[in-house]
Amino acid sequence: MDTLPFLSTMGKKSNAKKAGNRGGGPVKLLPQTRGQLTAVVDEVFKRCTKVPPATTPSASQEWTEYMEIFQLIEKIRNIEKDIQLPTHCREEQVVPFMSWLKERKIMISGVEIADFGNQGYGLRAVEDIKQGQEVISVPYEAMLTEDSARKSYLGPLIERDPILQHMGNVSLALHVLGEFVNPQSSWQPYLRILPSSYSTTLYFLPQQLQTLKGSPVLEEAVKQFRNIARQYSYFYRILQSSPEAKSWPIRDYFTFDAYRWAVSTVMTRQNRIPVKGSSGQMALIPAWDMANHEEGIYSTDYDDEKNCSVCLAQREFKAGDQFTIYYSQRPNTELFLHNGFVFKENKNDSLAIKLGVSKNDALHDEKVALLSSLGLPSSGSFMLIPGPHPISPGLLAFTRVFCMDKASLDKWKDDGEKAKGLLHEDCDVGTMVQDKTWNFLNTRVALLMRAYCTSLEDDEAALPTLSGFDTLIRSQLICEKKILKDAASYLSSRISK
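So, here's what we can say about the structure. Everything numeric here is computed off the predicted structure, so don't read it as measured data.

Rules used in this analysis
Per chain, residue numbering runs from 1 following the sequence as it is written. Only residues with pLDDT of 70 or above have their local features reported here, since the model is predicted, and side-chain atom pairs are shown and tallied only from 80 upward, although totals for entire chains, interfaces and linings are computed over all residues. Computation of side-chain values covers all heavy atoms of the structure but excludes hydrogens and water. Note on pairing: DSSP must find at least two bridges between two strands before they are called paired. Numbering of helices and strands starts at the N terminus; helices are DSSP runs of H or I of at least 4 residues and strands are runs of E of at least 2. In this scheme, a helix's expected span is set at 1.5 Å multiplied by one less than its residue total. Summary of the burial criterion: residues with accessible area below 20% of their type's maximum are buried, those above 50% are exposed, and those between are partly exposed, where the area comes from a 1.4 Å probe applied to protein chains only. Only heavy atoms matter for contacts: two residues are in contact if any of them lie within 4.5 Å across the pair. Here a Phe, Tyr or Trp ring, Trp counted by its six-membered ring, pairs with any other such ring whose centre lies within 6.5 Å, and the pair is stacked when the planes are under 30 degrees apart, edge-to-face when over 60, and tilted otherwise. Throughout this description, a polar contact denotes any pair of N or O atoms lying within 3.5 Å of each other; where both atoms belong to protein, one of them has to be capable of donating a hydrogen while the other can accept it, and for residues adjacent in sequence the pair is counted only when both atoms sit in side chains. Grid points spaced at 1 Å over the protein atoms alone were grouped into cavities, where a 1.4 Å probe fits but cannot get out, and pockets, open sets with protein on both sides within 12 Å along at least five of seven lines, with lining residues defined by an atom within 4 Å of a point. Grid points are joined across faces, edges and corners, and a volume is the space filled by probe spheres set on the points. Think of a nonpolar core as a cluster: buried Ala, Val, Leu, Ile, Met, Phe, Trp, Tyr and Cys residues, connected wherever their side-chain atoms sit within 4.5 Å.

Focus on the pairing of strand 4 (residues 111-115)
- Here 5 bridges tie strand 4 to strand 5 (residues 121-125), and the two strands are oriented antiparallel to one another. Of the residues in strand 5, the one forming a bridge with Asp 115 is Tyr 121.
- The antiparallel hairpin formed by strand 4 and strand 5 contains 5 residues in its connecting segment, where Gly 117 sits at a positive phi of about 65°.

Description of helix 2 (residues 59-79)
- End to end, helix 2 covers 30 Å across 21 residues, agreeing with the expected 30 Å (1.5 Å per residue, within 8%).
- By the burial criterion, the buried members of helix 2 are Trp 63, Tyr 66, Ile 69, Phe 70, Leu 72, Ile 73, Ile 76, Arg 77 and Ile 79.
- Buried residues in helix 2 make contact with strand 2 (28-29), helix 1 (31-49), helix 9 (206-210), helix 10 (216-241) and helix 12 (256-269).

Some remarks on the pairing of strand 14 (residues 351-356)
- Burial of the side chains of strand 14 is restricted to one face: Leu 351, Ile 353 and Leu 355 are buried, whereas none of Ala 352, Lys 354 and Gly 356 on the reverse face is.
- Where strand 14 and strand 15 (residues 379-384) come together, 6 bridges link them in antiparallel fashion. What sits directly across from Lys 354, in strand 15, is Ser 381.

Quick notes on the packing of aromatic side chains
- Evaluation of the coordinates by the stated rule reveals 25 aromatic pairs.
- Arranged with centres 6.0 Å apart and planes meeting at 20°, the rings of Phe 398 and Phe 402 form a pair that is stacked. On the criterion of helical spacing, the pair formed by Phe 398 and Phe 402 is a turn pair, its members being 4 residues apart in helix 15 (residues 393-402).
- Judged by its relative accessible area of 26%, Phe 402 falls in the partly exposed class.

A few points about the side chain of Ser 299
- Along the polypeptide, Ser 299 turns up in the loop between strand 10 (292-293) and strand 11 (300-303).
- On the accessibility criterion, Ser 299 (11% relative accessible area) is buried.
- At 2.8 Å, the side chain of Ser 299 and the backbone oxygen of Leu 312 are in polar contact.
- Once you skip the residues sitting within four places of it in the chain, Ser 299 turns out to touch Val 310, Cys 311, Leu 312, Ala 313 and Gln 314.

As for unusual backbone geometry
- Located in the positive-phi region is Lys 105, a residue other than glycine, with phi close to 60°.
- Of note, Lys 105 is situated in the loop between helix 3 (90-103) and strand 3 (107-108).
- The residue Ala 287 is not glycine, and still its phi comes out positive at about 75°.
- You can see Ala 287 is positioned in the loop between strand 9 (281-284) and strand 10.

A word on empty space enclosed by the protein
- Scanning all chains against the criterion turns up 1 cavity of 30 Å³ or more.
- Considering only enclosed or pocket space, the largest cavity measures out at about 40 Å³ in volume.
- In terms of lining residues, the largest cavity is bounded by 10 residues, among which Phe 70, Glu 74, Leu 202, Phe 225 and Arg 260 are the most central.
- Among the elements of the structure, helix 2 and helix 12 are those that each provide at least two residues to the lining of the largest cavity.
- Among the elements that make up the lining of the largest cavity, the one with the highest residue count is helix 2 (4 residues).

Concerning the environment of Leu 371
- Structurally, the position occupied by Leu 371 is in helix 14 (residues 364-373).
- Contacts of Leu 371, omitting those with residues within four sequence positions, involve Val 357, Leu 376, Pro 377, Ser 378, Phe 398 and Val 401.

Quick word on the nonpolar core
- Grouped together as the largest cluster of nonpolar side chains are 147 residues, with contacts concentrated most on Phe 254, Tyr 259, Trp 261, Phe 323, Leu 384 and Leu 422.
- The element contributing the most residues to this core is helix 10, with 13 residues.
- Not counting residues up to four positions away in its chain, the partners in contact with Phe 254 are Glu 80, Leu 174, Leu 177, Tyr 232, Phe 235, Tyr 236, Leu 239 and Tyr 259.

Any link to function would need more than the numbers given here.
Okay, structure coming up:
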């Protein structure tokens, strides 16, 4: 899913002057303006790195903190508004990109790049394609990887910075931005065809995020924004203070909007490829990453002998069809947060319920031990899933143990094989535990449904009238509420029995 416009910034007065070279380039901030910017960036860094409180903050406290950081970021964006990344018409970049693919020995057969409206750019079959037919092959050398990042001018920074050493996706984001603003980069034809902005939650306004009240993705979106604000402020300070960075193209282009774009590029397109002697590394795979998602079978592999990724057709495609790939088993929550779209008929969808055994529970140790024998945590997220049996095995077993008294725990704790039965619906746990389990889950589901600002019916009625981010948000809420509705119906039937 591709492009949505950047959020607008406020302010009319210019904070910058044009670069001295007539050939173009980034504008330069006036010294006084640069000082103002640095002061705000320092404040963002302090707020994002402060020691967390001893007790978990409430949702309202987290929102207040998010708003404070958001407002500081808006100040930053206003100061940086004259510093713009180079822009390119994507349609005009198709021909140069296809030529570049040939130069890089990237094989793309039977498909072409096409615009699919709301889905953005993708691949369209120009001939009938059989299931299992090889469509795309990309050599390792043509990919943007953690390794190519280390070989770039950012290499010395990556080698000594602890964050970049341990977070390959962050290293890759800086690499993408560094190559994009470097006119001499050999990856220019690929980078110029990428979207100029994305539909990730990093682009949402607070009022749009507020529509997600009650959804578990709200907390994750707020955390994600805070993390990116922290990373931006951290690398801004490094790039402005490091003597060696003065000659780096990325330095004068490094703004919050630019970093947000780079992070979203990596977040929506990254894939882990195998590398000998390691657990693999993050990479962007040109051409392959143009394909949009469809439910099906995973049909991308890595050929160790040829050292390239290979994409096969997951099903038959007729000439004129959109050629799609299966992004793997991901719930809509993950697709929404990290890919910027929602797949309505997602068979792998789920909705998290946070549960935990209280340390004040008199049977805490016994319950934790039994849960551990089942491979379950004593606290965490447990899933509701679509379909006729919406209570996942982990959620069912946890709740059963959570509801047990001393006698019930003694019955199950000493026989590991017998205890595995707690993961199955037809397990006889006794009337008392069974009734408490269904009633507990029924109450929790009802509370979750009431936490939303709107009903399922409201969202479905509003959806046809919306566009952009609002359509995406309501689509996610509809998927979540359908899971809750199915769960409520199922639990009601269990209780009535």
